[in-house]
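# Reading the structure
Residues per chain, in single letters:
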Amino acid sequence: MMNENENIQDQELNQFEENVENTGAEAEDLNQKLAESNDRYARLVAEFDNYKKRTSKEKIELMQSAGKDVIIKLLPVMDDFDRALNHMKNVSDEDPIKQGVELVNTKFRKTMEQLGVKEMDVIGQPFDPEYQEAITMIPAPTPDLKDKVIDVTEKGYLLNDNVIRFAKVVIGQ
């Protein structure tokens with residue numbers, strides 16, 4: 001009887017050991033699946049975060065350049081104001097027409113600045129094809145003006161630090 005009990009105990013012990021081994025293998029398998037799921041989750045979170053950043057950036061760029069076409073069409077008006085004020089240099093400052101033109105010009109330029117439009121200051125600067133378009137080259141009046149902008153035939157403008165119209169310039173040779 002003792003033998004039978006020992007056999008039964010040995011069988012139960014063997015089954016218990018097999019169950020422990022199976023449970024260990026199952027635990028490893030579950031841990032591996034958990035690690036894979038965590039990895040997929042982390043990648044999805046990172047991908048979604050990148051998507052949010054990208055769409056936010058695109059939205060900001062769209063809003064900043066939404067009025068670009070309208071602003072480009074208003075640039076010739078700024079040129080006309082410059083020509084009018086240049087022509088009115090000899091007119092008395094008390095002249096109501098001159099005062100009106102200066103007032104409208106000032107308001108218009110402030111509005112354009114608020115929209116992000118900046119005038120390029122290029123006279124005396126080295127020629128930069130990313131911001132300027134060379135119309136012609138003339139002999140430089142002084143050696144320090146060689147390869148620099150001597151005159152501007154049409155002003156250039158930036159909208160939020162992006163070129164919307166290249167400055168048309170004369171370069172010293």
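Scroll up to find the structure.
What counts as what
- Residues numbered from 1 in each chain as written.
- Predicted model: local features only at pLDDT ≥ 70, side-chain atom pairs only at ≥ 80, totals over all residues.
- Heavy atoms only, no water.
- Helix = DSSP H or I, 4+ residues; strand = E, 2+ residues; numbered from the N terminus.
- Buried < 20%, exposed > 50% of the residue type's maximum accessible area, 1.4 Å probe, protein only.
- Areas by Shrake-Rupley, 256 points an atom, 1.4 Å probe, with all protein chains shown as cover.
- Pairing = 2+ DSSP bridges.
- Axes fitted to C-alpha atoms, helices over the stretch in contact; angles between N-to-C directions.
- Salt bridge = Lys/Arg side-chain N within 4 Å of Asp/Glu carboxyl O.
- Core = buried A, V, L, I, M, F, W, Y, C linked by side-chain atoms within 4.5 Å.
- Contact = heavy atoms within 4.5 Å.
- Expected span 1.5 Å × (residues − 1).
- Arc of directions from axis to C-beta.
- Polar contact = N/O pair within 3.5 Å; in protein donor to acceptor, adjacent residues only side chain to side chain.

### A short note on the overall build of the protein
Regarding its fold elements, the protein presents three helices and six strands. Sequence-ordered secondary structure for the protein, helices as α and strands as β, is α-α-α-β-β-β-β-β-β. Among the 173 residues that make up the protein, the fraction classed as buried is 17%. About 13,500 Å² of surface is accessible on the protein, with carbon and sulfur atoms providing 53% of the total.

### Section: the sheet that holds strand β6 (residues 167-172)
Within the open sheet, the three strands sit side by side as β2-β6-β3. Their pairing is mixed. Each edge of the open sheet carries a strand with a single partner, namely β2 (132-138) and β3 (149-154). Between one strand axis and the next, the sheet turns through 30° on average, direction left out of account. Where β2 lies against β6, six bridges are found, and the strand directions are parallel. Within the sheet, the bridge partner assigned to Ala 134 lies in β6 and is Val 169.

### Some thoughts on the pattern of salt bridges
Summed over the entire model, instances satisfying the criterion amount to 13 salt bridges. Two residues, Lys 53 and Asp 49, come together in a salt bridge whose shortest N-O distance is 3.5 Å. Taken together, the positions of Lys 53 and Asp 49, both in helix α1 (residues 2-65) and four residues apart, correspond to about one turn of that helix. Judged by relative accessible area, Asp 49 falls into the partly exposed class, the value being 32%. Across the salt bridge formed by Asp 82 and Lys 155, the nearest N and O atoms sit 3.0 Å from each other. Taken together, the positions of Asp 82 in helix α2 (residues 68-87) and Lys 155 in the loop between β3 and β4 (157-159) put the pair 73 residues apart, joining distant regions of the chain. Salt bridges here are not isolated pairs; linked through shared partners, they connect Asp 79, Glu 154, Arg 165 and Lys 168.

### A few points about the nonpolar core
Counting residues in hydrophobic clusters, the biggest one holds twelve residues: Ile 71, Leu 75, Met 78, Phe 81, Met 88, Val 101, Phe 108, Met 112, Val 117, Tyr 157, Leu 159 and Ile 164. When residues of this core are traced back to their parent elements, those giving at least two are α2, α3 (96-114) and β4. For this core, the element with the most residues is α2, which contributes four residues. Aside from chain neighbours lying at most four places away, what touches Phe 108 is Leu 74, Val 77, Met 78 and Phe 81. Residues Met 120, Val 122, Val 149 and Leu 158 belong to the second largest nonpolar core, which totals seven residues.

### Quick notes on α3
Along its 19 residues, α3 runs 27 Å from first to last C-alpha, staying within 8% of the 27 Å computed at 1.5 Å per residue. Every buried residue belonging to α3 is among Lys 98, Val 101, Asn 105, Phe 108, Arg 109 and Met 112, and all of these are buried. Down the axis of α3, the buried set is contained in an arc of 100°. They therefore lie on one face. Exposed and oriented more than 90 degrees from the buried face of α3 are Pro 96, Lys 107, Lys 110 and Gln 114. Turning to α3, the residues buried within the fold contact α2, β1 (117-119) and β4. Looking at where α3 begins, the residue whose side-chain oxygen comes 2.9 Å from the main-chain nitrogen of Ile 97 is Asp 95.

### Digging into the environment of Ile 164
Along the polypeptide, Ile 164 turns up in strand β5 (residues 162-165). A relative accessible area of 14% places Ile 164 in the buried class. The spatial distance from the C-alpha of Ile 164 to the C-alpha of Ile 71 is 8.9 Å, given a sequence separation of 93 residues. Aside from chain neighbours lying at most four places away, what touches Ile 164 is Lys 68, Ile 71, Ile 72, Leu 75, Tyr 157, Leu 158 and Leu 159.

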